[in-house]
Every structure is written in structure tokens, then in C-alpha cells.
Amino acid sequence: MAAPVYLYTGPEFGERNQAVDSVKTALKKKFGAIDEHLFYLIETPFSQVMTILQSGTLFSDGVCIVCKNAELLKKKDDIQMLSSWLESKPEENNVLILISDEISVDAKVDKLVPASNKKKFWEMFDDKKVPWLFDYFRKNGYRIETEACELILEMIENNTQSLKNECSRFFILFPKEHEITVEDVEAVLTHNREENAFTLFNQIADSSESAEKRFENGISILQKIRLSNESSSVMIIAGLTSCFRKLIAWETEGEAAIPSKLMQKQYRKAAKVWTKGQATAILALMAATDMEIRSNGTVLEDVLLQKMLYEIIIKKGAQISAADYN
């Protein structure tokens, strides 16, 4: 029997969350009522997680702990706690699910999880996204134009969870068999959308605005994101990273890199703001910011994100120097 620990990694949040739900459903079916807990290792000591697992529960038939930021599980003592718990052959109704937005975690942690209990959830390839949307709308009794699909992908973070959440609005507003058009998407999503990393990129890449105006608008959108369901700095930086990688591809390969006419228009504007070299520097800058946030925790998270935006928009990939404060 496999140990009651799971490891799910990768940026495809929709399928990853479905896998977590499947584990919980199987646990409830087998044992009945369970206690469910969610912890983030960026703010909760792993020892607290292990205390709950080792203690079990007096008032339910099992415990399931979902532990996010598993890439931070690196300390020798923490890994030893996990190893000792697994060596004690814990009851199968006490389950730990380790989650990470990253592709991999510490090798010592990875080794402790049975191969049958771990999976990487990769983001869909670009050429799979429009077909996925066609199929999703068809299964729900709707048709959709190709350009409407492209506009949705331009406006919504491209993981299946975000796409399902946003596209479900159409099923409430339109009758079955309706064909979703570009005008429908603009009416439903443009006026009612929540801001995310992709709408943030659209704003800061608007070459018709001055850098100062783009920074002002960018800060405003960043603040809205931080108050929304997609407030995680990991998701913000991952979304922006995806956009700047596409910009580099556009500046390298042109239209061949981005088949969508709507997105070509967006990246044509962005290329007037940043050169390929500047976009490459911005990728390194965002990776450094991500690492700094993970190292320092949530205390300076908003300050570091705002600093990152300043360096992207005003400094075009260069870091703030002492002269900038004078």
C-alpha cells in the first residue's frame, strides 16, 4: 500500500486542483467525514503541519492536509520529520498532499513520495488552447468563434481553472446553442472581468501611453489583483513571465510565433515599449524578485512587486540604483 502522501506540482492549476479533489473524495468515500486543512509553507511552519498529522483527530474519521509552497520544504529537520512520519507507517486515513506551482521540489522530498502518488501538471501548449475552448463550449451546449476564443485567451490567465471560472458566465447569460462572438466576449469579460497578470501586461505594454502613466495604471491594477482571488505573487510573476517570453518570441520569429491576430496586435505594441534585450533582462529581474519574495516571506511582498513594476516600466529591466532615490 502506498504511503498517504501526494506531490502535485506545476502551473496547470485546474487539473491539479481536480487531482486534489479526487484524493479527498476517495478518502471520504472510504472513511466518512474528514477534517480538511490548507496551509501555506510561506507562512506556516512545517512542524505545525506534522503535529496535526501525527495527532490525528477525535471528532472525524480522518485528516487531509493540503500544503502549498512545497518547494520551500528544504530544511533538514523538516524533511526528517516527514521521513520519520512515513517510516512510522501512518494510518491511510491521515493524508498529506504537497502542492507547488513549480515543476519540481527538493530531491529529498520528491524521493519520499511514491511514484504513483505524484504528478506534474504542465500548462497547455499554445496550439492546444483554442481547441480546448472549442471543446469546453461544445460540451456545455454552445458554439464559439475562433476570434472569440483568441480574445478569451488574451484576457484570461491560461490555466483550465481560470478559463472554466470565467467562461461559465456565458452559460448563465446566453441560451443553449448560442454561438459566442467577439462582441459577446467583450460585453461579458471586458466590463465584468477581474484584473490579472495578463490584463496588467496589456496595460503596461500600451505604447500609446507615457512610461509614467503606464506605471501609475500598472500600480492601480496590481493593487486590484492583490485584493482578488488571484493575489498570489507567484501567479502574478508567472503570468508576466509568460507574457515577456511571448514578447521575446515575437521579436525573434514575428507572426510565426503568435498565430492569433488579436495577440499579434498586442505584442506589436509591446515591442515598441521593450527591445528583445530589455525583455530578457526583465525575465531575469522577475526571477530574482520571485526568489526574494520566497526567501523573505509576505512582509515585503507588496513593496517588492511595486519595485519590480517600476524596474519593468520605468527602468526597462534595469535595477533601481541609489541615484533613483535622489
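Source: prediction; values computed, not measured. (Residues numbered from 1 in each chain as written. Predicted model: local features only at pLDDT ≥ 70, side-chain atom pairs only at ≥ 80, totals over all residues. Heavy atoms only, no water.)

**Q** Help me understand the pattern of salt bridges in this model?
**A** Opposite charge on two side chains makes pairing possible when the charged atoms of those side chains draw close. Scanning the model with the defined rule gives 18 salt bridges in all. Note that glutamate 102 and arginine 294 form a salt bridge whose closest N and O atoms lie 2.3 Å from each other. Of the two residues, glutamate 102 is situated in the loop between strand E4 (94–100) and helix H4 (107–112) and arginine 294 in helix H13 (residues 276–296); the sequence distance between them amounts to 192 residues. For glutamate 102, a relative accessible area of 29% translates into the label partly exposed. With relative accessibility at 16%, the residue arginine 294 sits in the buried group. The salt bridge involving arginine 169 is made with glutamate 166; its shortest N-O contact spans 3.1 Å. One end of the pair, arginine 169, and the other, glutamate 166, are both in helix H7 (residues 160–173), 3 residues apart, so they sit about a helical turn from each other. The structure contains a network of salt bridges with shared partners spanning Glu71, Glu102, Asp290 and Arg294. (Salt bridge = Lys/Arg side-chain N within 4 Å of Asp/Glu carboxyl O. Helix = DSSP H or I, 4+ residues; strand = E, 2+ residues; numbered from the N terminus. Buried < 20%, exposed > 50% of the residue type's maximum accessible area, 1.4 Å probe, protein only.)

**Q** Any chance you could explain empty space enclosed by the protein here in plain terms?
**A** Where empty space is left can be seen by rolling a probe of water-molecule size over the atoms. Evaluated as defined, the whole model comprises 3 cavities of 30 Å³ or more. As a volume, the largest cavity reaches approximately 60 Å³. Leu153, Glu154, Asn158, Phe198, Asn202, Cys243, Lys246, Met263, Gln266 and Tyr267 are the residues that line the largest cavity. Of the residues forming the lining of the largest cavity, the biggest block, 3 residues, is contributed by helix H12 (residues 261–270). Per-class residue counts for the lining of the largest cavity are 5 nonpolar, 3 polar and 2 charged. (1 Å grid on protein atoms, 1.4 Å probe; cavity = no way out; pocket = protein on both sides within 12 Å on 5 of 7 lines; lining within 4 Å. Points joined across faces, edges and corners; volume = space filled by probe spheres on them. Nonpolar A, V, L, I, M, F, W, Y, C, P; charged D, E, K, R; others polar.)

**Q** Teacher, can you tell me more about a nonpolar patch on the surface here?
**A** A cluster of nonpolar side chains, Val299, Leu300 and Val303, forms an exposed patch at the surface whose accessible area comes to about 300 Å². Positionally, valine 299 belongs in the loop between H13 and helix H14 (301–313). (Patch = residues over 30% accessible without salt bridge, like charges linked within 9 Å, V, L, I, M, F, W, Y side chains within 5 Å. Areas by Shrake-Rupley, 256 points an atom, 1.4 Å probe, with all protein chains shown as cover.)

**Q** Sorry if this is basic, but what is going on with helix H2 (residues 46–55) here?
**A** Note on helix geometry: an α-helix contains 3.6 residues per turn, so any two residues three or four positions apart are oriented the same way. Those residues of H2 that fall on the buried side of the exposure criterion are Phe46, Val49, Met50, Ile52 and Leu53. What you see down the axis of H2 is that its buried residues fit within an arc of 160°, all on one side. Seen from the buried face of H2, the exposed residues on the opposite side, beyond 90 degrees, are Gln54 and Ser55. Those residues of H2 that are buried lie in contact with strand E2 (35–40), strand E3 (63–68), helix H3 (76–87) and E4. (Arc of directions from axis to C-beta. Contact = heavy atoms within 4.5 Å.)

**Q** What am I meant to see in the nonpolar core here?
**A** Taken as a class, soluble globular proteins show a tendency for nonpolar side chains to be buried jointly. One finds Phe201, Phe244, Tyr267, Trp274, Met286 and Ile312 to be the most contacted residues of the largest nonpolar core, which totals 34 residues. Elements represented by at least two residues in this core include exactly helix H9 (197–204), helix H10 (211–226), helix H11 (233–253), H12, H13 and H14. In contact with methionine 286, other than residues within four places in its own chain, are Ile237, Leu240, Thr241, Phe244, Met308 and Ile312. One finds Val130, Cys149, Leu151 and Cys167 within the second-largest nonpolar core, a separate group that totals 25 residues. (Core = buried A, V, L, I, M, F, W, Y, C linked by side-chain atoms within 4.5 Å.)

**Q** What should I look at first to understand the sheet that holds strand E1 (residues 5–9) in this one?
**A** Across a sheet, strands are paired by hydrogen bonds formed along the backbone, either parallel or antiparallel in direction. Strand order in this open sheet of 5 strands is E2-E3-E4-E1-E5, and the pairing throughout is parallel. Looking at the sheet topology across the chains shown, the edges are occupied by E2 and strand E5 (118–120). Neighbouring strand axes in the sheet, compared pairwise and without regard to direction, differ in orientation by 15° on average. Bridge count between E2 and E3: 6 bridges; the pairing is parallel. Residue pairing in the sheet places histidine 37 in a bridge with isoleucine 65 of E3. Helix-sheet contacts for helix H1 (residues 13–31) involve E1, E2, E3 and E4, and the interaxial angle to E4 is about 180°. The strands touched by H2 within the sheet are E2, E3 and E4, with E3 carrying the most contacts at an inclination of about 165°. (Pairing = 2+ DSSP bridges. Axes fitted to C-alpha atoms, helices over the stretch in contact; angles between N-to-C directions.)

Remember, this is a structural readout, not a statement about activity or role.
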